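Observations on the three-dimensional arrangement
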Amino acid sequence: MADLFGFLNINKPLGMTSHDVVAKIRRTLHIKRVGHAGTLDPLATGVLVICIGEATRLSDFVMHGQKTYRAKIRFGETTETYDAEGAIITRADTSHLTQAHIEAILPQFTGDIEQIPPMYSAIKKDGKKLYELARAGETIALEPRRVTIHQLTVTQFESPLADVEVVCGSGTYIRSLAHDMGQILGVGAHLAGLIRTRSGAFDIAQAHHLDDIINYPNPESCLVDEQVALSHFPAIQLNETDTDHILHGRIPQHTSQPTADLGRAYTPNGAFIALLRAENHQWKPYKVFSSSSS
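Everything numeric in this text was worked out from a predicted model, so none of it was measured.

1. A look at the state of the cysteines
Under the criterion given, the structure shown has zero disulfides. With no disulfide partner, Cys-51 has as its closest neighbouring cysteine sulfur the one in Cys-222, 16 Å distant.

Right under this line is the structure:
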């Protein structure tokens, strides 16, 4: 299976890290090159996109798509990790809290906002991951990051738990969102559960359970190709001459003028061979896959 190329849509099990899933697929399917496009915390489930073979070189372009989550937020308790895994730091009465109170603050968290990531995260500071510093008892001032939340909807509220659907851009920490909502409401909050229902072109309705992939006789039939994973980039059809140009790192001469920043290049027989980048009103080779899905 060393020549496999594509993506797996996995419904990540509760309790496993994203790295655990990658390691299990690599070990049991005997595939060396395996990666993931967008981390999920151990306490989260749902869509985890796994990149197989040379498709690992496309992970950055897959993970930056729009995400949708179903978050369960517990109001009245803050934790050191901003989720249910951490020790409880504060408790507050939530008997007065209503769904209307929560919905009233949602506009403050919608659109382009500044968000401070949780101290217990894999973000690196001076070469060390923040959660490693946190476990060592160190606390540092974190810079806010600009993230985009397109839509927030409270789908159910039974005090102290609220179910919230979040549609957001890449880099958004749902744990920080839960914590910050609790701070604004004056009662504190943490993330009690999380399901990622969509990541870019990958939806939970089409996701495979990990054990099904591991035990399936032909797991390669579950692969999703770049036409789906990178459907937000236009397809560029090449002739034989431009195919040769791209395979040798040269600029194609017979393609149309770019209408996007990146595009998918295909040979005359329909094989995906490269991701092209727009530069000076022409396409240039960016990521070349001479033996990908052909």
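2. Quick word on the nonpolar core
Core analysis: the biggest nonpolar cluster contains 47 residues, and Ile-25, Ile-50, Phe-75, Ile-102, Val-166 and Met-181 have the highest contact counts within it. Among residues more than four places away in sequence, those in contact with Ile-25 are Leu-8, Ile-10, His-30, Val-34, Ile-50, Ile-52, Leu-210 and Ile-214. With 19 residues, the next largest nonpolar core counts Phe-61, Phe-233, Leu-262 and Phe-289 among its residues.

3. Here we look at helix 5 (residues 174–185)
Its twelve residues give helix 5 an end-to-end C-alpha distance of 17 Å, which sits within 8% of 16 Å, the value for a rise of 1.5 Å per residue. Most of helix 5 is tucked away: nine of the twelve residues are buried. Of the positions making up helix 5, those classed as buried are Ile-174, Arg-175, Ser-176, Leu-177, Ala-178, His-179, Met-181, Gly-182 and Leu-185.

4. Concerning the packing of aromatic side chains
One pair of aromatic rings is described through two measures. These are the centre distance and the angle between the planes. The final tally for this structure, using the stated rule, is seven aromatic pairs. Between Phe-5 and Phe-272 the ring centres are 6.1 Å apart and the planes differ by 45 degrees, which places this aromatic pair in the tilted class. Note that Phe-5 is positioned in the segment before strand 1 (6–12) and Phe-272 in strand 17 (residues 272–279), a separation of 267 residues in sequence. Looking at Phe-5, the relative accessible area reads 10%, which means it is buried. Phe-272 gets classed as buried once you look at its relative accessible area, which sits at 1%. A connected cluster of aromatic rings, assembled from ring pairs, spans Phe-5, Tyr-266, Phe-272 and Phe-289. Stacked on the ring of Phe-289, the Lys or Arg Arg-57 has its end atom at 4.5 Å from the ring centre. The ring of Tyr-286 carries Lys-287 above its face, with NZ or CZ at 5.6 Å from the centroid.

The rules we used
Residues numbered from 1 in each chain as written. Predicted model: local features only at pLDDT ≥ 70, side-chain atom pairs only at ≥ 80, totals over all residues. Heavy atoms only, no water. Disulfide = S-S within 2.5 Å. Core = buried A, V, L, I, M, F, W, Y, C linked by side-chain atoms within 4.5 Å. Buried < 20%, exposed > 50% of the residue type's maximum accessible area, 1.4 Å probe, protein only. Contact = heavy atoms within 4.5 Å. Helix = DSSP H or I, 4+ residues; strand = E, 2+ residues; numbered from the N terminus. Expected span 1.5 Å × (residues − 1). Phe/Tyr/Trp six-rings, centres within 6.5 Å; stacked < 30°, edge-to-face > 60°. Lys NZ or Arg CZ within 6 Å of the ring centre and 35° of its normal.

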